[in-house]
Each structure stands twice: as structure tokens, then as C-alpha cells.
Amino acid sequence: MSAGSVSKGCFVFKPSPKKRKVSQKTADYFREGNSDAEDSELRFATCQSLWKHVKLEAEQIEEDLNKQLFDNLVSFLRQSHSEFQKKTTEWNCRMKSREIPTAALVLGVNVTDHDLTFRSLSEVLRNRVTPYVALLQAKDCPGIKNLMQKLLGQLMNCYADVDSEEDDYVQTSQNRIRCSMTSLITWYESVTKKTDFETPSKKRTSSRHWQSPPVVVIFKDMESFTTKVLQDFIVISSQHIHELPLVLVFGIATSPMIIHGLLPHSVSSLLCIELFQSLSCKEHLSTIIDKVLLTTQFPLKLSEKVLQVLINIFLYHDFSVQNFIKGFQLCIVEHFYTQPLSVLCCHQEEVKKRINSLSHNQCENIRRLPSFRRYVENQTSEKQIALLTTDSFLKETVQKLLEDLNVYHENYFPLLRCLHVFTSSLPKHPLGKQIRELHCACLENRVWETEEYESFLQLARMLNKCDLVTMLEKCVEILVSSPGKEFDKTVEKLKEFLTQFQKLEVAEACQERDESVSSQKELQKKTDLYHLQKSQALRSDGGSISNKAPDICIVYKLHLECGRLINLVDWLEAFSTVVTAVEGPNADAPSSDQVDDVIHARFIRAVSELELLGFIKPSKQKTDHVARLTWGGC
């Protein structure tokens, strides 16, 4: 029997509807596999409510961050559309050169977040600009034919959604239409003519769209498209740009230079490109953490390890803010599923009601908590007995502890932001540059006992007055706008410091004004090296160099006594001898092999000033030597 007579095939056997399992409700999973299923429905409802509010807040943050970007894109589309509608000279010139208005949208390497951004962008464009928006992906467009099919299919579906109630217009199916640019132009002319002849009432309902709206084609992942597909589409579109107000949007993950890397000059010259830059994904994450996690708006707080895991996944894996939010959602679900006492993780208004309804088993769960055990150990014996035996007293105590915890969070987050004002501007950032790093450090241990905090204090003491005043003003703004009720005295103290700095500035201004009154001749006499050299204070009666002279003068006089190369060690010992020399037989002079740190610092500063003036320079001939650049002796 020959092998050619054997038929090969794939057969599908659909299961019987009677054998299909009935899907369980999501709330049932909170009861199954959980030894303590008490209040599972309430925990599930609380979990759903919390996640709903977190999701809405995250979406609002996303909308606020992208608002400026979307407004700029709409302005760009409005400009290109107005030129097409008015047939201005600039548009005519562009039409002759067949340039297509193109927006290069740089979104960054967080590719998993691009889908949400493009969905939001297409929604904004459909609401404010045009109903004709097409989103294309490289995996759906391996060839120009597939691209045109997707393009016409999406545009016609958009049109059908907008005018689906019209019966006098016959919608042609995708299978019976030839997918070409000519078909697209014919369809566009028909739908725009149809819109022009609409009744005035319908015009008012569709007033959010422009007259003869443009056709926006969004390439979500421009780098993934093949060069031939992009070239063919751009060349074909440029030949019909005078008939179709087409606008291209390129979604770019890497760099705008990829456009010139994929397209030759003959094709890229057909595009009138304008660059748009989205917000950095790191800044987006910082905003999410600041407004979702570092706030009292949501009762659930992440521990240091969990938060650090989510941040590390973001920084070292995908840079995806959406995946960070999904990870936070997983933490919420896991907490409410595994922790029976998560029923108390709610807003402060509902805590009292839920505490009063706790059962005896739930009170026992509270008594088993390690944190509660540590609390009981620090109480008196009578109170310990009452906490471990009386449920009513336990409920009152738990309610008081939760109120204190809420007050602690109200005070913690403003102080964290005040501390971040100082740490973010210091060199080397000992406590971290981002507020999330500072927050993790505070969660990990007592931050005021760490070496990093000591380094922070040392650097903070060296801040100049202007920076310190600016930081104190920011701290006052943070504390005044915070919900905490214990910052009144702190704000008053900070305002006193600011008042003292202002008085100091006034005193310094008066001193500078008084100094400016002195004659220029006296100022020159004080600063001129020649006068300092000839001053009688340089030498005592015995002819030696006086220790009353400025450091630079002493260093200068000593260097005149040396040859072409000066040994820094000998120079330092001579400087120390002159500076520490005092009159009187009972003076104790320091030993030659031991130089005070202050004297050493003065010597280094004086030598640096001498080098700045051009008297010496570093030498490579000998170690610890400098070379003289002037000649002459004492």
C-alpha cells in the first residue's frame, strides 16, 4: 500500500455541554482551601473595593501624566488638518513635495505599557479629533496587503460604530472590497460627503469631530515593522496625500534615529516628522508610589521586602509600571485571602463597626499575632490578664491601637517628604535619591541609628545658607498642607529659623554696604601681594617671618627661599614652625613630626592659592614636589 493514499487531517471533538464545569464565583475562592473562612465574603468585598479605588487612582495618574503629551499631539493634528482644509500655501508646498505629517512618539523601553498608552491616545483622538483612527501592529502586518486589510477594516468599523443608525448607507463588507489606497480614498470621500449633508441636529451631536477629519494611522511598534512594508505604505500614501488627509503616528521604544535606520533617505524625506517625548517610566513609577503607597488614602501598606521586590522587578526586568501595579494587586489579593484579620484593613470610619462585630475566634487570632504579644509583654499584669481573657477590653484596646496607627501614618508621610527634601540634594545621596529608597530604609530599621543617617547629618551641616533656606521653606509648605495635627510647634520653630536667616541676610547686606564705602586704595592695599610682602608685619624685629601675616604671605616668603623644586613636606614643616611661633620663653612649640590638622588645612589652602596665582605648579619629576614658576629670592 503506497504512502500517498494515506490522508492526514486534524479533527476537533467538541465536549458535550452537559460535561462542562460550571465556573465558580470569584468570592468562592476565598472560602475554599482556607481554614478560617469566617467573614470571607466581607474580606472579598473589602479587597474588591480597595483594588477598585487603587485602580481608579492609578488610571487618573496615568491620565494626568499623559495630558500634556496628548494635548501636544492634538495640537499637531489640528495644525496639519487646518492646512489641509484651508489649502494654504504651506500645505500646497507640502502637497507638491508629497510630505506626510508624522508624529514620532518616543515612549521608552517599557513596551508592556505601550498598549494602555495607545488605547488612551486613540480614545482621546476619537473624542476630540477624528473617528477615523487605526491601530496597527507588526505581527498583524507582515505584508502591505495585510496592512491595507487591517487599515480598511478598522476604519470602516469605526465608521460603522459612529453612524450605525443610518439605513440609507450600505456598508460594504471587507471581503467584497478591494483593499487599496484608491478604495480608502473612495470610502473617505463618501463618508465625508455623507457627513456634510447631515441634518443640523446631527451636526450638533457630532460637533466634537472636525469637518473633514483626518485619518490617523498609529504604528504601535514601529521598530518591529519590516522595512519593505513601511516603505511601500509611505510611498503609496504620499502619492495620494492631496486626496486624503493622512497623519501617521510612529510608536518608538528606542530612539527617533530608528526612523532613518529603517527607511532610506528617499522614503524618510516623504515624512514631515515632529518629535514627541513621553514621561520617563521611572518618573511615572515615582508618581505612582508617591500618590498610592505613600499616602493615608489606602489602608494597606507594603512591607520593606515586598516593596523592594516589586521595585527590583521594575528596575532590572521590564520597566513596566503596569506590571508594578499588577504586582501590587497580587499583594492585595494575597493579603485578604491569607489573613483572616484583614477584615480590619479598611477606612477609619468602618473600623469601629467591624471591631465590635469580631467573634471570639477572631479575638483569639489577634492574641496570636507576634506584634500584639510584644505589646502585651510591656503592659502591667492586670492589663495583661484583661487583654488575654476579656474580649470587650481587647476590642477597645485594638480600636485605640488602630487609631494611633492611623495618626502615626498621618505624621510619618509628611516627615518622610521633609527628610527627602534634604537627602535628595546632598552629594552621594547617603539615604537614596528617590523617596522610595528613603521609605525602604525607614521600613528596614531605625534610620536615625544607621551610618547613612550620620553621613547625611555631616553633609547637611555643610549646606550653604541659600539652599538651607529653600529646603526649610519647602518643609514648611509640606507640614502646613499635611493632615497631621502635631506639626504646629514644628512649623513655628521652622518659621523662627527662617526669620533668623532673614535677619542675618539684612545684617550681611548692611555690612557689605559699609565695606563698599571704604576707599579703593585701602582695598587694593589689603589685597595687593606686593604691599603684603613689604608690610612690616611680615617680619619681626629679628628679621624672621612673623606669624601674624596671612597664610599665603608666609607660604610665599618661604617659597622664595627654595630652589626650582620645593619639597612639600619641608615646606609644611617650615610653615608650621612660623605659624606656631609665639613670643615668650614659656611657649610650648609643637614637635616637628606632628602637625596640627588645622595648620595642615591652612597650608594646603595657601599652596592652592599660590598655584592659582601662577607661582608654582605640580611636578612629575619628584614625588611630593612642586616646581617654581618665578625667579628671585628674598
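Scoring rules and cut-offs
- Residues numbered from 1 in each chain as written.
- Predicted model: local features only at pLDDT ≥ 70, side-chain atom pairs only at ≥ 80, totals over all residues.
- Heavy atoms only, no water.
- Buried < 20%, exposed > 50% of the residue type's maximum accessible area, 1.4 Å probe, protein only.
- Helix = DSSP H or I, 4+ residues; strand = E, 2+ residues; numbered from the N terminus.
- Arc of directions from axis to C-beta.
- Pairing = 2+ DSSP bridges.
- Axes fitted to C-alpha atoms, helices over the stretch in contact; angles between N-to-C directions.
- Patch = residues over 30% accessible without salt bridge, like charges linked within 9 Å, V, L, I, M, F, W, Y side chains within 5 Å.
- Areas by Shrake-Rupley, 256 points an atom, 1.4 Å probe, with all protein chains shown as cover.
- Salt bridge = Lys/Arg side-chain N within 4 Å of Asp/Glu carboxyl O.
- Lys, Arg positive; Asp, Glu negative; His and termini not counted.
- Charge placed at Lys NZ, Arg CZ, Asp CG, Glu CD.
- Contact = heavy atoms within 4.5 Å.
- pLDDT = per-residue confidence, 0-100.

Draft legend 1. Representation of helix H13 (residues 348-356). Buried residues of H13: Val351, Arg354 and Ile355, and no others. One face of H13 carries all of its buried residues, which in axial projection span an arc of 100 degrees. Facing away from the buried side of H13 by over 90 degrees, the exposed positions are Glu349 and Lys353.

Draft legend 2. Spatial organisation of the sheet that holds strand S2 (residues 133-136). With parallel pairing, five strands are arranged side by side in an open sheet as S2-S3-S4-S1-S5. Across the chains shown, the open sheet's two edge strands, defined by having one partner strand only, are S2 and strand S5 (271-277). Taken over all neighbouring pairs, the strand axes of this sheet differ in orientation by 20 degrees on average, direction set aside. As judged from the four bridges shared by S2 and strand S3 (residues 215-219), these two strands associate in the parallel manner. Residue Leu135 lies in a different strand from S3, and its bridge partner there is Ile218.

Draft legend 3. A look at a negative patch on the surface. A grouping of Glu444, Glu451, Glu452 and Glu454 is seen on the molecular surface, where their side chains present a negatively charged patch. Tracing the backbone through its elements, the reader meets Glu451 in helix H19 (residues 451-460). Classification of Glu451 by relative accessible area gives exposed; the value is 67%.

Draft legend 4. Molecular detail of the sheet that holds strand S8 (residues 625-628). Spatial strand order, S6-S8-S7: three strands in an open sheet with antiparallel pairing. Edge positions in the open sheet fall to strand S6 (565-567) and strand S7 (616-618), since each of these has one partner strand only. Going from strand to strand, the sheet's axes swing by 35 degrees on average, the running direction of each strand aside. Sheet topology note: the S6/S8 ladder contains three bridges and is antiparallel. Its bridge partner lying in S8, Asn567 is registered against His625. Most of the contacts of helix H25 (residues 568-580) go to S6, to which it runs at about 60 degrees, and overall it touches S6, S7 and S8.

Draft legend 5. Geometry of the environment of Lys465. Here Lys465 shows up in helix H20 (residues 465-481). Exposure remark for Lys465: the relative accessible area of 21% places this residue in the partly exposed category. Sequence separation of Lys465 and Leu504 is 39 residues, and the distance between their C-alpha atoms is 9.9 Å.

Draft legend 6. Molecular detail of the confidence of the model for the chain. Taken over all residues, the pLDDT of the chain has a mean of 80, while the share at 70 or more is 76%. Predicted confidence is poor over residues 199-207, with pLDDT under 50, and the contacts of this stretch with residues over four places away or in other chains come to five contacts.

Draft legend 7. Geometry of the side chain of Glu62. With respect to the helices and strands, Glu62 occurs in helix H1 (residues 40-86). Lacking a salt bridge, the buried Glu62 has Arg119 as its closest oppositely charged neighbour, with an N-O distance of 9.1 Å. Contacts of Glu62, omitting those with residues within four sequence positions, involve Leu116, Thr117, His284 and Gln322.

Draft legend 8. How the structure looks around the pairing of strand S4 (residues 246-252). The buried fraction of S4 is high, at seven of seven residues. Two strands pair when backbone bridges link them, and strand S1 (residues 100-106) and S4 are joined in this way by five bridges, in the parallel orientation. By the bridge assignment for S4, Ala104 is matched with Phe250. Note: S3 against S4, five bridges, orientation parallel. For Val216, the partnering residue across the bridge sits in S4 and is Val247.

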